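Each chain, letter by letter, is given below.
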Amino acid sequence: MTELAPTVDFIRDIISRDLGNLVNDGRLHTRFPPEPNGYLHIGHAKSICLNFGVAAEHPGGQCNLRFDDTNPEKEDVEYVDSIQEDVRWLGFTWEDRCFYASDYFSQLYQLAEKLIELGKAYVCDLSSVQMREYRGTLTEPGQESPNRNRGVAENLDLFRRMRAGEFPDGAKVLRAKIDMASPNMNMRDPTLYRIRRVIHHRTGGEWLIYPTYDYAHGLSDALECITHSLCTLEFEDHRPLYDWILDQLQLPCRPRQIEFSRLSLEYTVMSKRKLHALVQSGAVAGWDDPRMPTISGLRRRGFTPESIRDFCRCIGISKSPNRVEYALLENCLRTDLEARAPRAMAVLHPLKVIIENFPADRVEELTAANHPQNEAMGMRTLYFTQEIFIEQDDFREVASKEYKRLVLGGEVRLRNGYVIRCEEAVKDPISGEIVALRCVYDPATLNVNPVGRKVKGVIHWVSATRSVVGEVRLYAPLFTVSDPDGLKGEIVEYVNPESIQVLTNCRLEPSLASANGGIPFQFERLGYFHRDREARPDYPVFNRAVSLRDAWAKIEQRR
RNA sequence: UGGGCCGUCGCCAAGCGGUAAGGCCCCGGAUUUUGAUUCCGGUAUACCCAGGUUCGAAUCCUGGCGGCCCAGCCA
């Protein structure tokens with residue numbers, strides 16, 4: 001699909017202006033800085049598209065992938081692997097610029113000693129509980145730590161001993177010496193280093209002290225010569241600290257932090273804590289459960305990288321609080337797949353139809369276009385036999401002027417096939433349930449409209465003997481409320497029990513049995529379906545990524 | 001009764017003193033062997049509210065109101 005030009009937003013405005021004014025010598029260098037403590041989700045995609053996207057829009061622009069791995073307690077290589085896979089899948093490349101904050105641990109340590117020498121940082125003995133008490137509140141200033149005025153030599157000695165492992169976890173921290181009375185809580189002598197005897201997924205047991213985000217992030221940006229450090233709104237209050245640290249240390253490069261609002265999407269949650277809870281509780285089948293807003297979940301569901309990029313373009317970048325409608329995401333997928341997805345037929349709720357005037361031993365080959373508007377996608381063979389299946393929904397005993405599918409005594413067109421007329425509905429004598437339909441076909445109607453009468457309905461079908469049994473999974477929103485973040489209590493309890501529906505008796509046209517990988521199919525009249533990784537050669541399994549727009553469903557709802 | 005940020009159509013979102021872009025949703029209608037697609041057409045006298053400045057304000061000023069974020073040795 002052709003990708004539309006990115007729209008302009010306030011960040012691109014700032015960058016264009018900076019480039020024009022030769023700020024940073026006219027360089028543009030961004031970074032995408034995930035913490036490897038969970039899987040990427042659609043909110044990260046927004047940031048990825050912004051950071052990698054804006055870099056790609058300018059000659060010489062670059063974007064680094066940088067793992068913000070300063071908290072080994074929560075991090076794991078499983079996540080760094082999945083993050084790389086997801087960024088790549090989305091269509092972006094960091095070339096040889098994949099970095100880790102942990103790459104800079106030594107430099108960060110040296111810089112911390114320099115900060116101490118400058119008299120701008122000190123070792124504090126307060127416990128975390130005491131520190132909270134000393135911090136004050138939103139409306140009252142904090143109190144200075146008793147250790148705040150330790151001499152440089154003592155601070156240096158203590159900090160070195162923290163690194164050497166002379167103190168237990170939590171016994172001491174290194175703090176910035178800023179202003180305990182600042183109205184901005186982040187400036188009340190924030191912690192820069194803490195003692196943690198934890199094996200780091202990359203540096204192993206080399207370090208016993210780890211830098212905090214606030215200390216490591218801006219310096220990592222500066223060390224990589226990032227020009228524009230784009231992050232979400234909750235870091236706005238941290239910007240003064242970001243700037244303060246860079247002001248003290250005076251590195252050669254001076255990045256600038258700009259914040260934008262994070263994405264929230266209707267009927268789902270985006271916080272890693274809640275996503276973890278869903279996975280760990282078993283409420284979903286894993287990070288790549290097709291109901292999850294994770295990149296891996298969307299991928300398994302059948303979303304394409306193109307559609308996700310288009311979605312990110314559509315939602316724009318701003319600072320306003322927002323909650324985007326799920327319909328927009330669906331629209332982006334439909335738009336992409338409408339043009340590219342090969343068509344096929346599958347019957348989800350089979351109803352047997354017996355064509356009484358068609359020989360029982362005959363198999364007629366019919367050809368069907370793989371795409372109605374794109375001949376280049378070729379043709380495929382369909383098999384017409386005496387017994388076929390149609391969708392239960394596509395038959396009604398009684399006609400109504402709105403309903404234009406098959407009714408008793410009425411005619412309907414079989415998609416890519418003949419017109420049939422229903423003569424009789426065969427019912428189970430006990431339950432009264434319709435078990436089969438007796439129909440006749442009109443041999444003169446293949447690729448030709450019947451003369452003298454108008455057949456307005458077209459339904460999909462599959463041969464009873466030349467089709468395969470398979471499984472189809474249909475999805476509904478993970479939560480029934482549009483804003484599950486507003487719910488009280490554990491998020492897991494609010495998962496929509498009908499968010500997944502597994503249909504095990506579906507009938508698929510033969511071409512679908514061997515389908516593998518690639519983009520989803522459009523099952524005509526039903527939606528776009530993507531082969532699931534649990535499918536076996538003898539047992540196809542498909543996930544419905546999104547349904548087709550359904551005007552009939554709307555008409556029925558209004559009734 | 002601390003600080004920061006935000007408030008333009010149901011949902012996103014342009015707009016940067018000259019008289020409200022666009023997308024999604026929704027509603028009509030045309031074409032259609034997918035009730036799909038496509039195509040036409042409709043949808044904010046109005047920009048949180050109230051004052052003010054100006055020939056002219058969504059855009060500037062003042063004062064309100066509403067929402068979000070911050071008191072991790074998380075990011």
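All figures in this text were calculated on a predicted structure; none of them were measured in a lab. (Residues numbered from 1 in each chain as written. Chains lettered and ligands numbered in written order. Predicted model: local features only at pLDDT ≥ 70, side-chain atom pairs only at ≥ 80, totals over all residues. Heavy atoms only, no water.)

### What about the nonpolar core?
Here is a general trend for soluble globular proteins: nonpolar side chains tend to be buried in one another's company.
Turning to step 1, where the next piece is worked out: The biggest cluster of nonpolar side chains holds 38 residues, and the ones touching the most others in it are Ile42, Ile48, Phe52, Val87, Leu265, Ile308 and Phe311.
Turning to step 2, where the next piece is worked out: Of all the elements in the fold, those that place two or more residues in this core are α2 (42-56), β2 (62-67), α3 (77-89), α10 (295-301), α11 (305-315), α12 (326-340) and β27 (541-547).
Turning to step 3, where the next piece is worked out: Broken down by element, this core gets its largest block of residues, 6 residues, from α2.
Turning to step 4, where the next piece is worked out: Core analysis: the next-biggest nonpolar cluster, separate from the first, contains 36 residues, Ala121, Ile195, Ala216 and Leu219 among them. (Core = buried A, V, L, I, M, F, W, Y, C linked by side-chain atoms within 4.5 Å. Buried < 20%, exposed > 50% of the residue type's maximum accessible area, 1.4 Å probe, protein only. Helix = DSSP H or I, 4+ residues; strand = E, 2+ residues; numbered from the N terminus.)

### Section: the protein's contact with RNA strand B
Turning to step 1, where the next piece is worked out: If you check the shell around RNA strand B, you find 69 residues, and the closest are Arg196, Ser318, Arg343, Arg415 and Arg549.
Turning to step 2, where the next piece is worked out: Of all RNA strand B atoms lying within 4 Å of any protein atom, the proportion belonging to sugar or phosphate reaches 64%.
Turning to step 3, where the next piece is worked out: Between RNA strand B and aspartate 68 there is a distance of 3.4 Å, counted from a sugar or linking oxygen to a side-chain nitrogen or oxygen.
Turning to step 4, where the next piece is worked out: Between RNA strand B and proline 183, the relevant distance is 3.3 Å, taken from a base nitrogen to a main-chain nitrogen or oxygen of the residue.
Turning to step 5, where the next piece is worked out: Those elements that place two or more of their residues in the surface near RNA strand B are α5 (128-134), β6 (191-195), α12, β18 (411-414) and α13 (551-558).
Turning to step 6, where the next piece is worked out: When its residues are assigned to classes, the surface near RNA strand B shows 23 nonpolar, 20 polar and 26 charged. (Near = heavy atom within 4 Å. Polar contact = N/O pair within 3.5 Å; in protein donor to acceptor, adjacent residues only side chain to side chain. Nonpolar A, V, L, I, M, F, W, Y, C, P; charged D, E, K, R; others polar.)

### Remarks on the pairing of strand β12 (residues 350-355)
Turning to step 1, where the next piece is worked out: Here β12 lies mainly inside the structure; 5 of its 6 residues are buried.
Turning to step 2, where the next piece is worked out: Note: β12 against strand β15 (residues 387-391), 5 bridges, orientation antiparallel. Of the residues in β15, the one forming a bridge with valine 353 is isoleucine 388.
Turning to step 3, where the next piece is worked out: Of the strand pairs in this sheet, β12 and strand β20 (residues 434-442) are connected by 4 bridges, and their pairing is parallel. (Pairing = 2+ DSSP bridges.)

### What about the layout of surface pockets?
Gaps left between atoms are located by rolling a probe of water-molecule size over the structure's atoms.
Turning to step 1, where the next piece is worked out: If you add up the space inside the second largest pocket, you get close to 940 Å³.
Turning to step 2, where the next piece is worked out: Glu35, Glu234, Phe235, Arg262 and Lys272 are the residues nearest the centre of the second largest pocket, which is lined by 32 residues in total.
Turning to step 3, where the next piece is worked out: Secondary-structure elements contributing two or more residues to the lining of the second largest pocket are β1 (29-32), α2, α7 (213-223), β8 (228-232) and α9 (272-281).
Turning to step 4, where the next piece is worked out: The element best represented in the lining of the second largest pocket is α2, accounting for 4 residues.
Turning to step 5, where the next piece is worked out: Looking at the lining of the second largest pocket residue by residue, the class counts come to 10 nonpolar, 11 polar and 11 charged. (1 Å grid on protein atoms, 1.4 Å probe; cavity = no way out; pocket = protein on both sides within 12 Å on 5 of 7 lines; lining within 4 Å. Points joined across faces, edges and corners; volume = space filled by probe spheres on them.)

### Things to note about the pairing of strand β19 (residues 419-427)
Turning to step 1, where the next piece is worked out: Pairing geometry for β18 and β19, over 3 bridges, is antiparallel. Counted as the bridge partner of arginine 413 is valine 419 from β19.
Turning to step 2, where the next piece is worked out: Hairpin connection, β18 to β19: the antiparallel pair is bridged by 4 residues, and asparagine 416 has positive phi, about 65°.
Turning to step 3, where the next piece is worked out: Counted between consecutive antiparallel strands, the loop separating β19 from β20 contains 6 residues, among which glycine 432 sits at a positive phi close to 80°.

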